[in-house]
Amino acid sequence: MNAFAQLIEALDSTNKTNEKVALLATYFRTAPQNDALWAVALLSHRRPSRPVSTSLLREWAAELAGLSPWLFEEAYHIVGDLAETIALLLSDSQKGAEQSLAETITDIIALKPKEEQEKKNYIQSQWQQLTSTERFVFNKIITGGFRIGISQKLMTRALGQALELDENTLAHRLMGTWTPQTTTFEDLLITPHAADQLSRPYPFYLAYAVEDDFFKKHSPEAYCVEHKWDGMRGQLIVREGQYFLWSRGEELITDKFPELAPFANHLPSGTVLDGEILPYPQGVIGNFNDLQKRIGRKTVGAKLLQDVPIRFMIYDLLEWEGIDYRTTPLHIRQEQLALLYQSHKKFDLPWELSQVHHFATWEAVAQEREKAEQKRSEGLMLKKKDSSYAVGRKKGSWWKWKSDPKTIDAVLTFAMRGHGRRTNLYTDYTFALWDEGKLVTFTKAYSGLTDKEIREVDRYVKQNTLARFGPVREVTPKLVFEIAFEGIAASTRHKSGVAVRFPRILRWRHDKKIEAANSLGDLKKLLS
Amino acid sequence: MPLLEFTSRGIYCAAADVYLDPWKKVPKALITHGHSDHARWGNQQYITHHDNVPIIQHRLGNITVAGKSYGERFSINGVQFSFHPAGHVPGSSQIRVENRGEVWVFTGDYKLENDGISTPFEAVICHTFITECTFGLPVFNWQDPVKVHRQINQWWAANKAAGITSLLMGYSLGKAQRLLKHLDPKIGKIFTHGAPEKMTEVLRSQIDFPETQLITRETNKKQIAGNLVLAPPAVMGSAWAKKLGEISTGYASGWMAFRGARRRRAVDKAFVLSDHADWKGLLHAVEATGCENVITTHGYTDIFAQYLREKGWNARTEKTQYEAETPETTVAE
C-alpha cells in the first residue's frame, strides 16, 4: 500500500494537471495489475462497503491516542476530515505497510462480517503500524471519498497514456458496476469479454452552460433546440431481451423503475436510449420533488407507482441494431429515434419523444425559452445538428441555456466548517428569511462566493459567534446575501414550508441591512 | 489584585504600572519579541531582550528602548522582572514577573526545539503560567526539524536538477532566517526578496547565515534560474513571483500539517515547520514550570484550557489581541 500512499501524497502536493496525470500514469504502468485496478476503482468512487461505523472508528482512535472523547471530537471538528484526524492524532510509525493495496483492501472487505472485537484489533494494529500518510489512505479506503482533485476524466487520460489506449474507449470500458472483486485489470481494460458488455452503458455526454458571447459566435442555423427536462438523466439499454437503466452517476437503477420493463419486450436488441426520467403524477410532467419520492425509496410499492408514475423522455439514440451510433450526426440519430418512436407507438410504452425545434434567429429561440415554465422544463438545450455524442463534459456542441434563476435576499444565521479544500474554514452557510419578526431558516448554500469573500465571511463568523454546536456556529445576523435557486415547491419536511432546488449564493449584498432582507411571504409568492 | 491583569490595552502589571506586549499605546511596555502583534508602534518606552532591540528598531523606527540580558533581574516599583529564552525567534523571551513571593510567567510565543538561530527555550518555575496555544490541539505533532530541513534541501536539489527555480516562502522574521540557516549553499545560490533580506541583514551581527543576494530590478533573471528564492508568503501568485520564470513553490508553516490548508495555499510543496510549540510541547512546558494556574491567551485556548483542567490544573482563558486562530492569518508564525 506504500506506493499508493506515496502516489496520493504526490498528487496532493502538486497543482499542475499534467504532473498529476504523469504521476498517475507512472503508477498505472509500474504497480502490480491488481493494485492498479483497485486504484482505478477508488478513483472512480468504487470503494468497498464500509466494514465499520465511523462512530466506532472515532472511539477506537480516541482510545489509541489516549484522548477523552470530547477532545477527539473537537480535533475532528477542526480538522474537518475523520481520516485525516486519525492520521494526525496517532504517532508516526517507522514500520509502514507490509501489504499491497489489493491485499489491504481484501482484508478490509473480509472484515465486514466479523465480530466487533476482531475488527477493532485489526484496525488498531494497522493504525499503529502504518505511517501517517498510509494511515490517512487506509482510513479513506474505509470511510470513502478520495477528494484529491482527480476527476474521472484525468484518471482516464492517465490510464490511456499508461496503456497506450484511446481515452474514449477506456472511458466506456470503465462504465458500469464492475468491481475488482469480480474482474481483473486485463479483463476490464485490456481485452474485455463480450459477455461483460451486456449491461455496460456509454459515458454520458454533458452540456456546458452558454457563455455571454455564445450567441455572437454561433449561428442559430447550425443548432437544434430542445427543452431541458427537469428530471433525472437516464440511459436505457435493451440487449438480448433484458433492459438496464443507468443514472448519470453510473448507478444501475433498473429496479427503481419497474414500469420500464415493457421496453425489453418491444424494442429490438442492441438499442440504447438517452433521455430523462420524468414524474407524471396527473398525466402531466410533475415537479422534481415528486421524483425525489421515487429515488429515495429502496422498494417501490404499488401505491407509489400509482401516485408517482414516471415516463422516459427520450432524446438521443446511442446504439442502434447493436452498433455504436454515437459518431453518427445528431440530426440522423434524431430521425432514427423519431422513426423508432412512431413505429412502436402501438405498444403504448411509458415514453415521450422530446420535441426538436429549429429556429432561424436567436430571438426566436429566446421566445421559446420563455415557455419553459409552461412546458415544465428548466430552460433549453442547444445542440449542434451535426454533432457526435461525445464523452463527458466537453465544450463545443451541446449547450444548456437555463431559465433565469429566482432570487431572494436572505440573512446568514449559521455557518459550518467545510470539507476537503475548505477544511477548517466556515464555508457551509444557513440562510433565513423574515417571518413575523423572526428569522426562519429556509435553505443552506455552499457555493457562489469567491475565495476572498469566503475568507471574509470566515473571519466574520469567528468574530461574531453566538453559540457553538460542534462544527456549527450560530452567528449574529448581520450579513445579507442574494440567494439564487432553480425550482421551488411546497414541503412539509422543511420548517419554512418551502423547498428550493440548487440554492447558491449569487452575491453578497453589502448594501443591505438585515431589515431589508426578504420575508417568507415573499418566497411563497414565487410558488406557482 | 492579581499580579497581571488583562485590560483593554494589554496585559497590565498594576504594582509596577507597566504593560506586557500591549495592543494599545502605553507609557511603558515590556516586549517578548518582534512580531507585529506583540511589538506594536506608539509606546513611549520599550524594554526587551537586547537581541530584540535591533529588530524592533528596524520595524518600529525611532523608539526609546532598553535592552536586557536573559536572566538579568530588574526592578520596577519594587516588582522584579526578567527575560528568559522562549526559543520562538531570535531575541524572543518569556517575561517573568515576581512580587512578594508570587511568580507569574508570560510566554509570548515559544517552541521547545532548538531552531539553530534563537536561544533555546528554558522553563521558568512559576505559580501562574500565561501561555500561547496556537497549536494547542493533539493533531499537531511536529516532526524532527532536521528531517524537514533535509526535505527542503532535497526539494531544492531536485528543482535545480530540472532547471527550475525554488521559491521558498516563510514569514520574514524568524521563519525566513530559520530556513536560510539550514539551506545547503552547496546546492546553489540563495536569492532574497526585500523583506526577509532586510531582516536578515539586521540579524547578521548576531547570527551566522549563508550568503544571500537581494533581487533587484537589475538582477539578471537567467542568474536566478535553478537557484533558490526566499520570500514572504504574500508573494504567492504576485507579479513579482511571475517574473521569476519557471518556479516550484514551497511554503513552510505549522499549518501545513492540515491537508485543507495545504490545498488552499496551492503551493507545490508544503513543509510542516513551526516556530510554535506543538501539543506535546505545550504540555511539556506547562509541566516544567511547576505552575498551579494556567491562563491560555491565543490559539485553541478553550480546548487547551479544558484539557488542562481535566488534568488537574487551574486553567482559564483570557482574550488578547495576539493573532492565532486560523491557518489563513500568517501573522507571527
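## Quick word on the packing of helix H4 (residues 54–65) of chain A against helix H6 (residues 82–89) of chain A
Residue and element names in this part refer to chain A.
And then number 1: Put simply, H4 and H6 touch, their axes get as near as 10 Å, and they point 15 degrees apart. As far as their axial angle goes, H6 and H4 are roughly parallel. Pair H4 / H6 crosses with left-handed handedness. Between H4 and H6, the residues in contact are Thr54, Leu57, Ala61 and Ala65 and Leu82, Ile86 and Leu89, respectively.

## Description of the interface of chain A and chain B
And then number 1: Tallying the contact residues gives 25 residues for chain A and 21 residues for chain B.
And then number 2: Looking at the side of chain A that touches chain B, the elements that each hand over two or more residues are helix H5 (69–79), H6 and helix H20 (451–463) of chain A.
And then number 3: Take the side of chain A that touches chain B: its biggest share by element is 5 residues, from H5(A).
And then number 4: Per-class residue counts for the side of chain A that touches chain B are 8 nonpolar, 10 polar and 7 charged.

## Concerning the domain arrangement of chain B
All names here are of chain B.
And then number 1: On domain assignment, one finds that chain B holds domain 1 (5–140 + 275–317) and domain 2 (145–271).
And then number 2: In this structure, domain 1 and domain 2 have C-alpha centres spaced 29 Å apart.
And then number 3: The interface of domain 1 with domain 2 comprises 17 residues on the first partner and 16 residues on the second.

## With respect to the sheet that holds strand S4 (residues 28–30) of chain B
Residue and element names in this part refer to chain B.
And then number 1: Read across the sheet, 6 strands follow the order S1-S2-S3-S4-S5-S6 without closing on themselves; strand pairing throughout is mixed. Two strands in the sheet have a free side with no partner beyond their single neighbour: strand S1 (5–6) and strand S6 (65–68).
And then number 2: Pairing analysis gives 2 bridges linking strand S3 (residues 18–20) to S4, with the strands arranged parallel. Bridge pairing in S4 places Leu20 opposite Leu30.
And then number 3: Each of strand S5 (45–49) and S6 touches helix H1 (residues 53–60); the most contacted strand, S6, lies at about 155 degrees to it.

## Considerations on the sheet that holds strand S14 (residues 213–214) of chain B
Residue and element names in this part refer to chain B.
And then number 1: Overall, parallel pairing links the 6 strands, which are arranged S14-S13-S15-S12-S16-S17 in an open sheet. One side of each edge strand has no neighbouring strand; the edge strands of this open sheet are S14 and strand S17 (269–271).
And then number 2: One ladder, built from 2 bridges, connects strand S13 (residues 190–192) with S14; its direction is parallel. By the bridge assignment, Thr192 is partnered in S14 with Leu214.

## Examining the pairing of strand S15 (residues 438–445) of chain A
Residue and element names in this part refer to chain A.
And then number 1: Bridging between strand S14 (residues 426–435) and S15 involves 7 bridges; their strand directions are antiparallel. The partner of Thr430 across the bridge, within S15, is Lys444.
And then number 2: Here S14 folds back onto S15 in antiparallel fashion, the turn holding 2 residues, of which Glu436 has a positive phi close to 50 degrees.

## Some details on helix H9 (residues 301–310) of chain B
And then number 1: Among the residues making up H9(B), those that are buried are Thr301(B), Ile303(B), Phe304(B), Ala305(B), Tyr307(B) and Leu308(B).
And then number 2: Looking at the packing, one finds that the buried side of H9(B) touches H5 of chain A together with strand S11 (128–133), helix H8 (279–289), strand S18 (293–299) and strand S19 (314–317) of chain B.

## Re the environment of Thr177(A)
All names here are of chain A.
And then number 1: Inspection of the secondary structure assignment puts Thr177 in the loop between helix H11 (167–173) and helix H12 (185–190).
And then number 2: The class for Thr177 is partly exposed, based on 14 C-beta atoms found within 10 Å.
And then number 3: Distance in space between the C-alpha atoms of Thr177 and Leu252 is 7.3 Å, their sequence separation being 75 residues.

## Focus on helix H3 (residues 33–43) of chain A
Residue and element names in this part refer to chain A.
And then number 1: Among the 11 residues that make up H3, 9 are buried, leaving the element largely enclosed by the rest of the structure.
And then number 2: Asp35, Ala36, Leu37, Trp38, Ala39, Val40, Ala41, Leu42 and Leu43 are the residues of H3 that are buried.
And then number 3: Next to the buried residues of H3 lie helix H1 (2–12), helix H2 (17–30), helix H7 (101–111), helix H9 (132–143), helix H10 (152–163) and H12.
And then number 4: His45 sits one or two positions beyond H3 and adopts a positive phi of about 60 degrees.

## A word on unusual backbone geometry
Note: most peptide bonds trans; most residues except glycine with negative phi.
And then number 1: One non-glycine residue with positive phi stands out, namely Glu164(A), at about 55 degrees.
And then number 2: Tracing the backbone shows Glu164(A) in the loop between H10 and H11.
And then number 3: Of the residues examined, Glu164(A) has 6 C-beta atoms within 10 Å and is grouped as exposed.
And then number 4: With phi around 50 degrees, Arg100(B) is a residue other than glycine that occupies positive phi space.
And then number 5: Along the chain, the position of Arg100(B) falls in the loop between strand S9 (93–99) and strand S10 (102–106).
And then number 6: Accessibility expressed as a C-beta count within 10 Å gives 9 for Arg100(B), which makes it exposed.

## Thoughts on the nonpolar core
And then number 1: Judged by nonpolar contacts, the single largest core of 185 residues is most densely connected at Ala39(A), Val229(B) and Leu230(B).
And then number 2: With sequence-adjacent residues up to four places away left out, Ala39(A) is seen in contact with Phe4(A), Tyr27(A), Ala31(A) and Leu101(A).
And then number 3: The next biggest cluster of nonpolar side chains, apart from the first, holds 33 residues, and it includes Val457(A), Val461(A), Val475(A) and Leu523(A).

## Overview of the confidence of the model for chain B
All names here are of chain B.
And then number 1: Residues with a pLDDT of 70 or more make up 97% of chain B, whose mean pLDDT is 93.
And then number 2: Considering only residues more than four positions removed or in separate chains, one finds that residues 328–333, a stretch of pLDDT under 50, has 18 contacts.
And then number 3: For this predicted complex, the interface confidence score (ipTM) comes to 0.91, while the overall pTM stands at 0.79.

## Concerning the pairing of S19(B)
Residues and elements named next belong to chain B.
And then number 1: The alternating pattern of S19 places Ala315 and Thr317 on a buried face and Asn314 and Arg316 on a face that is not buried.
And then number 2: Summarising the sheet, S18 and S19 pair through 4 bridges and their orientation is parallel. If you follow Ile295 over to S19, its bridge partner there is Arg316.
And then number 3: Crossover S18 to S19 through H9 is right-handed.

Criteria and cut-off values
Residues numbered from 1 in each chain as written. Chains lettered and ligands numbered in written order. Predicted model: local features only at pLDDT ≥ 70, side-chain atom pairs only at ≥ 80, totals over all residues. Axes fitted to C-alpha atoms, helices over the stretch in contact; angles between N-to-C directions. Helix = DSSP H or I, 4+ residues; strand = E, 2+ residues; numbered from the N terminus. Parallel < 35°, antiparallel > 145°, perpendicular 65-115°, else oblique. Left-handed = near helix turned anticlockwise from the far one by under 90°. Contact = placed C-beta atoms within 7 Å. Nonpolar A, V, L, I, M, F, W, Y, C, P; charged D, E, K, R; others polar. Domains from an automatic or database assignment. Pairing = 2+ DSSP bridges. Buried ≥ 20, exposed ≤ 12 C-beta atoms within 10 Å, placed from the backbone. Core = buried A, V, L, I, M, F, W, Y, C linked by C-beta atoms within 7 Å. pLDDT = per-residue confidence, 0-100. Right-handed = clockwise from strand over helix to strand, strands pointing away.

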